[in-house]
Structures are given as C-alpha cells and as structure tokens.
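For reference, the chains in residue letters:
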Amino acid sequence: MNRSEVEGRVSAAAVATTALLFAACASNPADRSNLDATLWVQTSAEYDAVARSVYFAAARDLPLLLADSSLTAALEQQGSYENLPAAVILDVDETALDNSPYQARLLASGEAYSSETWAQWVEEGIAEAVPGAVEFARRADRLGVTVFYVTNRRSPQEAATRVNLMDVGFPLSDDQDVLLMRGEKPEWTGAKGSRRELVSRTHRVLMLIGDDLNDFVDADGLSVAERDSLARLHSAYWGERWRMLPNPTYGSWERALFGSDFGLDRAERTEMKETHLEPRGEIND
Ligand SMILES: [Mg+2]
C-alpha cells in the first residue's frame, strides 16, 4: 500500500468516525430544555422585577408580623412561642443565591447536571445574590430578627456557602449556627421540616422564603395534584408569612412531572411531562 492509499484509508476512516459521531449526536443531542428558563432568570427585566417585588413586600410587612406575637410561619412551631425572639428562614439556592450561571455552564458545555460539577460551582463561591434578598435580610437583621438559612447543600459545603453568603452581604449571626445544611445532623434529611422545627424551639418564625414548595412544607414525592392541594390547603400563608420566589429552571415541581422516577431516561421523562399539558381545543390551520 503506497502513501496515498494509506492516506485514503485514514481519511475514509475519519469520515466514517465523524459520521458515527453525528449519528450519535443526532440520536442524543445535548439537552437544551433549560435554555429559555435560564435566559429568563439571567436576562429578563421581568425576573428581576418579580424577585425585587417579593423581597420588597416581605421587608415592608416584616414589622407587622413582628408586632403580632400570635403569628408563626412554621407549621412545625409548637407550644408557647409568643415571647421567643423572632427569626426568618431563608432557603439558599435560588432564594438567597442565584445559581443561574451554573445552569448556563451546563447549557454551554452540553453536559447534564451532576453532583460533581455542582460541588465545583459551590466550592468556587462566586454566586451573586438574588435581587432584593440582601436588602431584605439586612432589614430583618436591623429589626433584631435572626436570619436562618436552611439549605439542601450538603454539610461539607458549609464553609464555601458561608463565605459566598457573606461576600455578597448577607448577615450571618456569630452567636449561633444559622446556616443549617443537609446532613449536618443525622436527622437533617432533605426534608427541611426537622430543621424548621429546630429553629422554632428557640425562635418565633415570622416568615419563610423559598423557591420550592418544600421550603415551606414537606412535599417531596407528591403528585402534581397532591402538591396543588397542599399549597391550597395553606393558602392563608402565601403572600403573608410565606413568600415564594420564581424558579423555572429546576425544583420539585419538575420532578413531580415524571413521578420523581430517576430511572427513566430523558425521552421517557419528556413523554411523561407532555401528558401534563392542558390544551383546550386544537389549532385549526
Ligand atoms: Mg432553593
């Protein structure tokens, strides 16, 4: 075989390999389903306005909740709490800190979420604050209301999370542990109720702020209909003691659409999600 024949065979092999790669990509293209949601959070004036509105109203109403000692925001609060010092509980991700740059990283690289790339992002500690969140937390702090942060970031991530929160201006009390991580204590599971209960032993909880139903009431594993019922059951809390931030990029709302069945592949999840669409009538061409 002369040189040109070798080059011809190599070139044919390269073409075949490229064709195979294209076929593989065509059958399994990078997941772009989070593109619009991520861009909405990162670029829209609307997201910024909604987040600021939520926090502005929360700060405005905090003195009213502080003045009425009969009120508690925590369903877990038991016994006599009227004379306890006051606290608010904030979730961290997409409530205090904006991780949309991590979502953008995934989209830019074509990679799916993984705990490894997430841990890398957390350790970098460069998340910015959700609009309005720092101003609210500082207002609470000035009013003598302790700000607790209840997060499902894991306990080894506490130091990096603390530095990130402080860097962007959140108050963190020196007197007690106010950053309560998942797994920091054996009973601190992903369900946040046990941590809300712990805060409510020493403080009257004025307000819960989160971006997921689980930041208010344990709801994991529930169906779409069950989540809806649970949220409506507590309708008196919304907009008063409970304040919800929008998060279109991920959350238990999204898991509920495929029954939280992580054994399903992406196509199967999408198929299940589509069964939840509610069209009325049809488009007539
Ligand atoms: Mg969150």
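Predicted, not measured: the structure shown is a model, and the values here were computed from it.

Each helix and strand in the protein chain was counted, giving eleven helices and seven strands. On the principal axes, the C-alpha backbone points of the protein chain span a range of 90 × 50 × 40 Å. The buried share of the protein chain, reckoned over its 285 residues, is 41%. Long-range pairs, those at least 24 residues apart, make up 74% of the contacts in the protein chain with a sequence separation of at least 6. Total accessible area computed for the protein chain in this model is approximately 15700 Å², and 54% of it derives from carbon and sulfur atoms. Here the protein chain carries 28 positive and 46 negative side-chain charges, and the mean point of each set is 3 Å from the other.

On to the coordination of the magnesium ion. When a metal carries six donors in an octahedron, the ideal angles between them are 90 or 180 degrees, while four donors in a tetrahedron ideally lie at 109.5 degrees. The coordination sphere of the magnesium ion contains the protein donors Asp91 (OD), Asp93 (O) and Asp211 (OD), at a distance range of 2.1 Å. Mapping the donors of the magnesium ion onto the primary sequence gives the spacing D-x1-D-x117-D. Across the pair, aspartate 93 and aspartate 91 agree in class, each one buried.

Below, the discussion takes up the side chain of glutamate 158. With respect to the secondary-structure elements, glutamate 158 resides in helix 7 (residues 158–167). Relative accessible area serves as the criterion here: at 15%, glutamate 158 is assigned to the buried category. Among residues more than four places away in sequence, those in contact with glutamate 158 are Asp177, Leu179, Met181 and Glu184.

Take the nonpolar core next. Formed by 59 residues in total, the largest nonpolar core has its most connected members in Val88, Leu90, Phe136, Tyr149, Phe170 and Met207. Ranked by residues supplied to this core, first place goes to helix 3 (residues 45–67) with eight residues. If near-sequence neighbours (up to four positions away) are discounted, tyrosine 149 is found in contact with Leu90, Val92, Ala137, Leu165, Phe170, Pro171, Leu172, Val178, Leu179 and Leu180.

Now for the environment of valine 92. On the secondary structure map, valine 92 appears in the loop between strand 1 (86–90) and strand 2 (97–98). Note: C-alpha distance between valine 92 and proline 186 (94 residues apart in sequence) is 20 Å. If sequence neighbours within four positions are ignored, valine 92 has contacts with Leu97, Tyr149, Val150, Thr151, Arg153, Thr161 and Leu179.

We now examine the confidence of the model for the protein chain. Looking at the protein chain, the pLDDT average stands at 92 and 90% of residues meet or exceed 70. Across residues 13–26, confidence stays below pLDDT 50; counting only partners more than four residues off in sequence or on other chains, it has zero contacts.

The next thing to look at is the packing of helix 2 (residues 35–43) against helix 4 (residues 100–109). Running from amino to carboxyl end, helix 2 crosses helix 4 at an angle of 145°, the nearest separation of the two axes being 10 Å. Like other packed secondary-structure pairs, helix 2 and helix 4 cross with a definite hand, here left-handed. Side by side, helix 2 and helix 4 meet where Leu35, Thr38, Val41 and Gln42 of the first sit next to Ser100, Pro101, Gln103, Ala104 and Leu107 of the second. Of the residues in the contact of helix 2 with helix 4, the class split is five nonpolar, four polar and no charged.

Moving on to the pairing of strand 6 (residues 204–210). Within strand 6, seven of the seven residues are buried, which leaves the element mostly enclosed by the surrounding structure. The pairing of strand 1 with strand 6 spans five bridges and is classified as parallel. Paired with leucine 90 across the two strands is isoleucine 209, which belongs to strand 6. One ladder, built from three bridges, connects strand 6 with strand 7 (residues 242–244); its direction is parallel. Residue isoleucine 209 lies in a different strand from strand 7, and its bridge partner there is arginine 243.

Time to look at the packing of aromatic side chains. Evaluation of the coordinates by the stated rule reveals ten aromatic pairs. Look at tyrosine 102 and tryptophan 118: their rings are 5.3 Å apart centre to centre, the planes differ by 70°, and that puts the pair in the edge-to-face class. A residue pair is termed long-range when its members are at least 10 positions apart, and tyrosine 102 in helix 4 and tryptophan 118 in helix 5 (residues 115–124) qualify at 16 residues. Each member of the pair, tyrosine 102 as well as tryptophan 118, is classed as buried. Considering the side-chain rings of phenylalanine 216 and tryptophan 238, the 4.9 Å spacing of their centres and the 65° angle between planes classify their relative orientation as edge-to-face. One end of the pair, phenylalanine 216, is in the loop between strand 6 and helix 9 (224–233); the other, tryptophan 238, is in the loop between helix 9 and strand 7, and 22 residues separate them in sequence. The partly exposed category is assigned to tryptophan 238, whose relative accessible area is 27%. Among the aromatic residues, those joined into a ring-pair cluster are Phe216, Tyr237, Trp238 and Trp242. Positioned above the aromatic ring of tyrosine 237 is the side chain of arginine 241, whose terminal nitrogen or guanidinium carbon lies 4.4 Å from the ring centre.

What counts as what
- Residues numbered from 1 in each chain as written.
- Predicted model: local features only at pLDDT ≥ 70, side-chain atom pairs only at ≥ 80, totals over all residues.
- Heavy atoms only, no water.
- Helix = DSSP H or I, 4+ residues; strand = E, 2+ residues; numbered from the N terminus.
- Buried < 20%, exposed > 50% of the residue type's maximum accessible area, 1.4 Å probe, protein only.
- Contact = heavy atoms within 4.5 Å.
- Areas by Shrake-Rupley, 256 points an atom, 1.4 Å probe, with all protein chains shown as cover.
- Lys, Arg positive; Asp, Glu negative; His and termini not counted.
- Charge placed at Lys NZ, Arg CZ, Asp CG, Glu CD.
- Donors = N, O, S within 2.8 Å, 3.2 Å for Na, K, Ca; no water.
- Core = buried A, V, L, I, M, F, W, Y, C linked by side-chain atoms within 4.5 Å.
- pLDDT = per-residue confidence, 0-100.
- Axes fitted to C-alpha atoms, helices over the stretch in contact; angles between N-to-C directions.
- Left-handed = near helix turned anticlockwise from the far one by under 90°.
- Nonpolar A, V, L, I, M, F, W, Y, C, P; charged D, E, K, R; others polar.
- Pairing = 2+ DSSP bridges.
- Phe/Tyr/Trp six-rings, centres within 6.5 Å; stacked < 30°, edge-to-face > 60°.
- Lys NZ or Arg CZ within 6 Å of the ring centre and 35° of its normal.

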